[in-house]
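For reference, the chains in residue letters:
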Amino acid sequence: MNSVPKTASLILIALSFVIAACGPSASPDAGEAFATALPNQVDVHQDDQPSGEAHDHLDAAELTGELQVVLVPTELVVGPNRFAVGLFAEDGTLIHDASVHFHYFDLSDPQQAVLESESDAYRVQSPVDTTTIYAHERRFDRAGDWGVEVEARRPDGTAASSRIGFRVVADSDSLSPGEAVPALKTPTLADVGQDLGRLSSAEEPNPALYQQSLHQAISSGKPTLLLFATPGFCQTRFCGPAYETASGLHAQYGDQVNFLHVEVFLGLPNPEESGFKLAPSVEVFGLESEPWVFFIDEQGTILYRVEGLFAGTEIERQIRAHLGL
């Protein structure tokens, strides 16, 4: 987005689903230092790749070692979160095919790192395999300083590791699971004379995502999937196909769930003319990045949220569990 990204509320999350065989390694040396990870956000730029593809935004000058860790979330808090990292090799290329393992450290005393737990990561990959992150759902029980050692092993047997420090915050600045969604008037096709170009920067907008406003959706008696994303004006290192994924889920569950998309910036199709001014609903939700997905129940309460690249299976799992399928 056009606002200054948060730099202090970066957290990482434990991992319990294994997608690649990366078993626990020997206990790491707690005396090694924890560096600062690269943030996921970059300057706003127009998407110059086909819809659904992604960008690997890592300048060579940013590389500091053989394994560079990029934190996908801008905010992780006490309670449940989805942690996700992107990993870059020494030559700046995104790592797609590693088995990734995490060692978590309690850094309450920065002079005495304590190994807290370890777990494997699962892989989240865009449909065309242009973007890959490594993620897991984890609950943090305390705010404060933490550290993680990321180990990545490639299919050819080569391995690398990197350590980063991060902070868990006590409360979220954005709307969180358990909170009620405001009855906002988000724009619909009827508001813009059926001009999709004023509602979406996607290469192939789906009209079904703009039929009703958020305030109508949360009073409809059905659950709602709300996506905040700007397909044409990426602002993260991993511009994965969030829009296409959400649209694909609509094709499967559109009869049972409301699906809404809200662009991050006003003034489409040329938001630059207005200085990339944020949409009011983005500010109300307290978002500092994109994309974000919120799954909301029939009463308008947030059940689940996720930031950054996501797989359809992650969201589908939430939908099916709520619908009892």
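Note that the coordinates shown come from a computational prediction; the quantities given were computed from them, not determined experimentally. (Residues numbered from 1 in each chain as written. Predicted model: local features only at pLDDT ≥ 70, side-chain atom pairs only at ≥ 80, totals over all residues. Heavy atoms only, no water.)

### Brief notes about unusual backbone geometry
(1) Moving on: Note that the residue after L268, namely P269, is joined by a cis bond; omega there is 10°.
(2) Moving on: Assignment of secondary structure puts P269 in the loop between β12 (258-262) and α3 (280-284).
(3) Moving on: Between E290 and the following residue, P291, the backbone shows a cis peptide bond with an omega angle of 0°.
(4) Moving on: Position of P291 relative to the elements: it lies in the loop between α3 and β13 (292-296).
(5) Moving on: The backbone phi angle of Q194 is positive, close to 65°, even though this residue is not glycine.
(6) Moving on: Residue position: Q194 is located in the loop between β10 (159-168) and α1 (214-217).
(7) Moving on: Positive phi outside glycine occurs at F276, with the angle close to 50°.
(8) Moving on: Structurally, F276 can be placed in the loop between β12 and α3.
(9) Moving on: Under the relative-accessibility criterion, F276 is labelled buried at 15%. (Helix = DSSP H or I, 4+ residues; strand = E, 2+ residues; numbered from the N terminus. Buried < 20%, exposed > 50% of the residue type's maximum accessible area, 1.4 Å probe, protein only.)

### Some details on the packing of helix α2 (residues 242-253) against helix α4 (residues 312-323)
(1) Moving on: Interhelical geometry of α2 versus α4 gives an angle of 35° and a closest axis separation of 10 Å. Between α2 and α4 lies a crossing of right-handed hand. Along the contact surface, α2 presents T245, L249, Q252 and Y253, while α4 presents G312, I315, E316, I319 and R320. (Axes fitted to C-alpha atoms, helices over the stretch in contact; angles between N-to-C directions. Left-handed = near helix turned anticlockwise from the far one by under 90°. Contact = heavy atoms within 4.5 Å.)

### Notes on the pairing of strand β8 (residues 132-140)
(1) Moving on: With 7 of 9 residues buried, β8 lies mostly within the body of the structure.
(2) Moving on: Of the strand pairs in this sheet, strand β4 (residues 79-89) and β8 are connected by 7 bridges, and their pairing is antiparallel. Residue pairing for β8: N81 is matched across the bridge by R138.
(3) Moving on: Pairing geometry for strand β7 (residues 122-125) and β8, over 4 bridges, is antiparallel. For Y122, the partnering residue across the bridge sits in β8 and is A135. (Pairing = 2+ DSSP bridges.)

### Details of the sheet that holds strand β6 (residues 114-120)
(1) Moving on: Taken together, 5 strands build an open sheet; the order of strands is β1-β10-β9-β5-β6 and the sheet is mixed. The sheet is open, and its two borders are formed by β1 (35-36) and β6, each paired with just one other strand.
(2) Moving on: Sheet analysis places strand β5 (residues 99-106) next to strand β9 (residues 144-153), joined by 8 bridges and oriented antiparallel. Each bridged residue has a counterpart across the sheet, and for H101 the counterpart in β9 is E151.

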